[in-house]
Protein chains: 2
Amino acid sequence: MTDAHQTLTVADIDFGSDNLIPAVSQDAETGEVLVIAFMNPMSLQKTLETGDAWFWSRSRRELWHKGATSGNYLRVQSISVNCEENSLVLKVNPDGPACHTGNRSCFYRELDWRPNR
Amino acid sequence: MTDAHQTLTVADIDFGSDNLIPAVSQDAETGEVLVIAFMNPMSLQKTLETGDAWFWSRSRRELWHKGATSGNYLRVQSISVNCEENSLVLKVNPDGPACHTGNRSCFYRELDWRPNR
């Protein structure tokens, strides 16, 4: 088992050939997953500088300061890194609903499916 | 606010131009994020058929039955879909450590950073 106390810096992150990694924002209090988005190096750098979550919008092809339109910023408390250093979990305190629909989380619907076992 | 009780089927999922969507596996009991991986339509179909999490390995370019090597399958309890229908949250019961390092979660390390506010 690898040492859980090892810490990492931005230089350790592997952004891969498309220069984007998935980043999950999880409510620091409840553990609810709020948003999954992508980060490039600049958005991670802005996140670290400001303490708010910044992403890369693949549809708009631009840097995206989450909350800049709605006022519902995600205040980042900590950032965890996976074993392969190519995905992130942000523990955040949301200022308001994280979803543009007004829902607290973007994941407010389920697939119509239950395990068959 | 959009109806939280609306359900979706596989046909509603937008796999995008690269035919891959990010999928977060979250421990159904603790809420801990265990793994972030990618799914193509076939891996989602296999997940629904078997009740285990299947992904698409971008490095190996092959369908990936999580746990097939280690025995530590992820037993999927429910699947939530985001507002834009292009990412998934799987609530899972893991058979054992989800990470190939032996850690319970792949996110066992933090960035060496704290918010400056």
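Rules behind the numbers
Residues numbered from 1 in each chain as written. Chains lettered and ligands numbered in written order. Predicted model: local features only at pLDDT ≥ 70, side-chain atom pairs only at ≥ 80, totals over all residues. Heavy atoms only, no water. Helix = DSSP H or I, 4+ residues; strand = E, 2+ residues; numbered from the N terminus. Rg over C-alpha atoms; globule rule 2.2 N^0.38 Å. Buried < 20%, exposed > 50% of the residue type's maximum accessible area, 1.4 Å probe, protein only. Contact = heavy atoms within 4.5 Å. Areas by Shrake-Rupley, 256 points an atom, 1.4 Å probe, with all protein chains shown as cover. Arc of directions from axis to C-beta. Least-squares fit on C-alpha atoms with pLDDT ≥ 70 in both.

Caption draft 1: Just the overall build of chain A, in detail. Helix and strand counts for chain A stand at one helix and eight strands. Helices and strands appear in chain A in the N-to-C order β-β-β-α-β-β-β-β-β. The C-alpha atoms of chain A give a radius of gyration of 15 Å, which matches the 13 Å a tight globule of 117 residues would have. With the principal axes as the frame, chain A shows a C-alpha extent of 45 × 40 × 30 Å. The buried share among the 117 residues of chain A stands at 51%. A fraction of 42% describes how many contacts in chain A between residues 6 or more apart in sequence connect residues 24 or more apart. Accessible area of chain A: about 5,500 Å², with a carbon and sulfur share of 44%.

Caption draft 2: Layout of helix H1 (residues 41-50) of chain A. Here H1(A) has its buried residues at A:Ser43, A:Leu44, A:Thr47 and A:Leu48. Along the axis of H1(A), the buried positions cluster into a sector of 135°, meaning they face one direction only. Looking at the buried side of H1(A), the elements it contacts are strand S3 (33-39), strand S4 (54-57), strand S5 (62-65), strand S6 (74-81) and strand S7 (88-94) of chain A together with strand S8 (109-111) of chain B.

Caption draft 3: Up close: the relation of the copies chain B and chain A. Rotating chain B by 180° and moving it 0.0 Å along the rotation axis overlays it on chain A with an RMSD of 0.0 Å. The transformation just described matches what one would write down for a two-fold rotation axis. Distance from the rotation axis, computed per C-alpha, reaches its smallest value in chain B at B:Gly31: 2.8 Å. The fraction of interface residues of chain B whose copies in chain A are also interface residues reaches 100%, indicating that both copies meet through the same surface.

Geometric descriptors of this kind do not, in isolation, establish any biological role.
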